[in-house]
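These are the residues of each chain, in order.
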Amino acid sequence: MSHVGVGPRALTRSVAFLTAGVLAVPALAGCSSDDRAGKPLAGQDIAPAARSRIADGGTLRWAVDSVPETLNTFQADADATTTRVAEAVLPSMYRMDEAGRPVRDADYLESARIVETEPQQVVLYKLNQQAVWSDGREIGAADFAAQWRALSGKDSAYWTARNAGYDRIEKIERGAHDLEVKVTFSRPYADWKSLFTPLYPKEVMGTPDSFNDGARRKLKVTAGPFSLKKVDVQGDEVVLGRNPRWWGAQPRLDEIVLRAVPRADRVTALAEDRIDLAEIDPDAARQVSVAAGPRDAGTGTPLMGPDGTPAPGATPLAGAPGVSAAEALRSWAVAHGSDEEAAEEEGEAREKRREALAAQETRQRALRGFEVRKSLEPAYTQLALNGADGPLADERVRRAVARALDRTALAEAVLKPLGLPAKPVGSHLALAGQSAYADGSDALGKPDTKEARALLADAGWVPGGPVEPEKKGEKAAGAEDGTKDGKDAPSGEDDDGTYIVGQDDRKNGRDGGKAEEGNGRDGGLAGDDGKRADEHHEGRHEDRDGGQNTAQGGVPGAYAPKGTAAPAGAASAPLAKDGKALTLRFVLPSGPGSEALRTVADRISAMLKRIGVGTEISKVPDESYFKDHIASGEYDLALYSWPASAFPATDARPIYAKPVPAADGSLNVAQNYTRVGTDQVDQLFDQAMTTLDEKEADALLRKADQRIWAAAASIPLYQRPQLVAARTGLVNAGAFGLATPVHQDMGFLAKGARGAQASPRPSS
């Protein structure tokens, strides 16, 4: 999948993205029974194993989307690979546990606590006495101070992408000894645990020149279990090696090679033994699963399914992949017939089929050494409603659209075929398991087509109202002319086409994303009856009633008695107001990996049709989807994703803050691309950011989330799936879910080890 935009801390997690399986979710620490946050919907799937069972040595080849343009995570062009490198080679004061909550990283930090609140907040960090940089220097206050000065926003010579939190620091000083760091804040800051992760050495942060240019392709000084050996731009890889000065548990691997492999090429790279670990899309996951599935001991072919049919991917007839028995018999007859020319041609065709079969079998044998690990990634897909103008500027219309959606059905369509928990996301600000999570969707109300129609009627939209013919160049209410972008446009390698606001690297078709959704071909978006909700049309299409009874069995002129209720799911007559039909422009990416997103859009369109709301789907090139449509406000409805954060008071505020007029008269929307916000939401964020009592801060965030739900501009749908192909025998790696990877524990099982402990898998 693709990720576009600015996601403040999205890059601190493994973002990339998908998987399958159906077993039990493990109980996760930190989630008590009375905790409203609950537990994550899916745990990690990483084949956990004790370090004693892991071989010493080896190289892990890990697929990434691109070689990073910079190794400085605080620069605007940092991407997911930048973060992956930083997690392995730099200090972090806090990391995320399996529930997506910050926990102290004991390799660097013995303790950290607020020691004063009046007159100012003071946090005292006590560092691990063994923690040193790779040049032997102790990690200390000088490094903290250099990073604060660089990111404070006070010196414009530093080209920083963000300074949230650092701008609230007043001073940093040495404590009672060299291992203590005192941070004094000018204003209270609840999310202080988000700071100094990662922590760069003062050699990088000390001057604007070193910050801007000194850490783009090299990091001379590091302090993680691994160090940076080289960035090979020509070879499309980044090589990490063991840090000889590492004081913690020693890495089991000798090297980690981050190899740039386009998502479309990853199954081939797995089969050709070029990578060991890769995030993949559902179609690739199906190929890996079929190859790794149970096989006949004698023939090596997939076993028959429960209904007596060959397992998915099984070849119908040896020597003729994809050929029926009748076609094979005919082929044999032609090849051995009296027509010598036809026999020669058929013989050549049969030889090509045998070669294709041999190549297919070779590929499947290679893929048998892999398995699919799956979880849910720390991001969710939402339906965005642009409230800047048009019909959706009316809150009643937005609420009607939202009340028409069956979010459970949409989540099931994407996640259930993958064997993942199919529960809709209930919060804009956190995911299940995170401390701020609580299902706030009741503030909007449950799906109710009757109530949705009533809201539309109250807003003046009436069924079957007169519609004036559109004049040349005139647009339907709320719609934009999508003809220009209406055709599918080629785009580079993509995943599922969902855009996570947080990564915007689209060069050479590569994006900053790491995770995919179902693509339709895998059945990932089949309905409950195994069929698609609506047939998808290329380019634009209007989703409206034809104005005639065409239902099966319908008879022209046969009318139900007045007052007869419409059958469940029946479409409502199109709505109109002031001579214009209520038609919303639904903008979607057109890339080859966007089938899932477009099918979700078709399902949403069908749901809206039931309340008389038309949709005009406009498919646009991937490269222009975010910049020219979402960010610029040229849409009514759109689907894209946001990363979840353990620090929503800081990271989510720009997404939901009320837009304000800029000095030039334009509207400053920050990251609020729906253009809808309220003063009350802003005030709740501000209070949460300055409240040092964690439970009180969570309560404020939950109130803010309820108000965001009530505004009905952003409708969370489902947590994104995370599918990862991993070499069997590779342990402590795979689908990490909400947690930060522990690189020093990754490795390959030692000879004689019986295999990893049972890998926890999500349950549906």
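Refer to the structure printed above.
Residues numbered from 1 in each chain as written. Predicted model: local features only at pLDDT ≥ 70, side-chain atom pairs only at ≥ 80, totals over all residues. Heavy atoms only, no water.

**A look at the sheet that holds strand 18 (residues 580-581)**
Here comes step 1: The sheet built from 3 strands is open, its strands ordered 14-17-18 with antiparallel pairing. The strands lining the two open edges of the sheet, one partner per strand, are strand 14 (462-463) and strand 18.
Here comes step 2: Here strand 14 pairs with strand 17 (residues 575-577) via 2 bridges, running antiparallel. The partner of Pro-463 across the bridge, within strand 17, is Leu-575. (Pairing = 2+ DSSP bridges. Helix = DSSP H or I, 4+ residues; strand = E, 2+ residues; numbered from the N terminus.)

**What to know about the pairing of strand 7 (residues 169-174)**
Here comes step 1: Where strand 7 meets strand 8 (residues 180-185), 5 bridges bridge the pair, whose relative direction is antiparallel. What sits directly across from Lys-171, in strand 8, is Thr-184.
Here comes step 2: Hairpin connection of strand 7 to strand 8: 5 residues between the antiparallel strands.

**A word on the side chain of Ser-427**
Here comes step 1: Within the secondary structure, Ser-427 is located in the loop between helix 10 (407-415) and helix 11 (449-458).
Here comes step 2: Take Ser-427: its relative accessible area is 1%, and that puts it in the buried class.
Here comes step 3: From its side chain, Ser-427 meets the backbone nitrogen of Leu-429 in a polar contact 3.0 Å long.
Here comes step 4: A polar side-chain atom of Ser-427 sits 3.3 Å from the main-chain amide nitrogen of Ala-430.
Here comes step 5: Apart from the residues within four sequence positions on either side, Ser-427 is in contact with Tyr-380, Tyr-437, Ala-438, Asp-705, Trp-709 and Pro-716. (Buried < 20%, exposed > 50% of the residue type's maximum accessible area, 1.4 Å probe, protein only. Polar contact = N/O pair within 3.5 Å; in protein donor to acceptor, adjacent residues only side chain to side chain. Contact = heavy atoms within 4.5 Å.)

**Observations regarding the nonpolar core**
Here comes step 1: If you look at the biggest cluster of nonpolar residues, it comprises 170 residues, and the most contacted ones within it are Met-93, Tyr-125, Phe-196, Leu-240, Leu-383, Ile-604 and Leu-639.
Here comes step 2: With residues near it in sequence (within four places) discarded, Leu-240 still touches Val-85, Ala-88, Val-89, Phe-226, Ser-227, Leu-228, Lys-229, Asp-254, Glu-255, Ile-256 and Leu-258.
Here comes step 3: Formed by 5 residues, the second largest nonpolar core is a distinct cluster that contains Ala-47, Ala-49, Ile-54 and Leu-749. (Core = buried A, V, L, I, M, F, W, Y, C linked by side-chain atoms within 4.5 Å.)

**Some points on the packing of aromatic side chains**
Each aromatic ring pair is specified by the distance between its two centres and by the angle formed by the two planes.
Here comes step 1: Enumeration according to the criterion identifies 17 aromatic pairs in this entry.
Here comes step 2: Ring geometry for Tyr-108 and Trp-247: centres 5.6 Å apart, planes at 85°, overall edge-to-face. Of this pair, Tyr-108 sits in the loop between strand 4 (102-104) and strand 5 (109-116) while Trp-247 sits in the loop between strand 10 (237-242) and strand 11 (255-260), placing them 139 residues apart in sequence.
Here comes step 3: The exposure class of Tyr-108 is buried, given its relative accessible area of 4%.
Here comes step 4: An aromatic cluster is built from Phe-74, Tyr-94, Tyr-125, Phe-144, Tyr-166, Trp-192, Phe-196 and Tyr-200, whose rings are joined through pairwise contacts. (Phe/Tyr/Trp six-rings, centres within 6.5 Å; stacked < 30°, edge-to-face > 60°.)

**Things to note about the pattern of salt bridges**
Here comes step 1: Per the stated rule, a full pass over the model turns up 30 salt bridges.
Here comes step 2: Across the salt bridge formed by Asp-276 and Arg-727, the nearest N and O atoms sit 2.7 Å from each other. Taken together, the residues span a long stretch of sequence, with Asp-276 in the loop between helix 5 (266-271) and strand 12 (277-279) and Arg-727 in strand 24 (residues 714-727) at a distance of 451 residues.
Here comes step 3: Across the pair Asp-394 and Arg-396 runs a salt bridge, and its minimum N-O distance is 2.8 Å.
Here comes step 4: Residue classification places Asp-394 among the buried positions, given a relative accessible area of 18%.
Here comes step 5: Of the residues examined, Arg-396 reaches a relative accessible area of 30% and is grouped as partly exposed. (Salt bridge = Lys/Arg side-chain N within 4 Å of Asp/Glu carboxyl O.)

In short, the description is geometric, and any link to function would need to be established separately.
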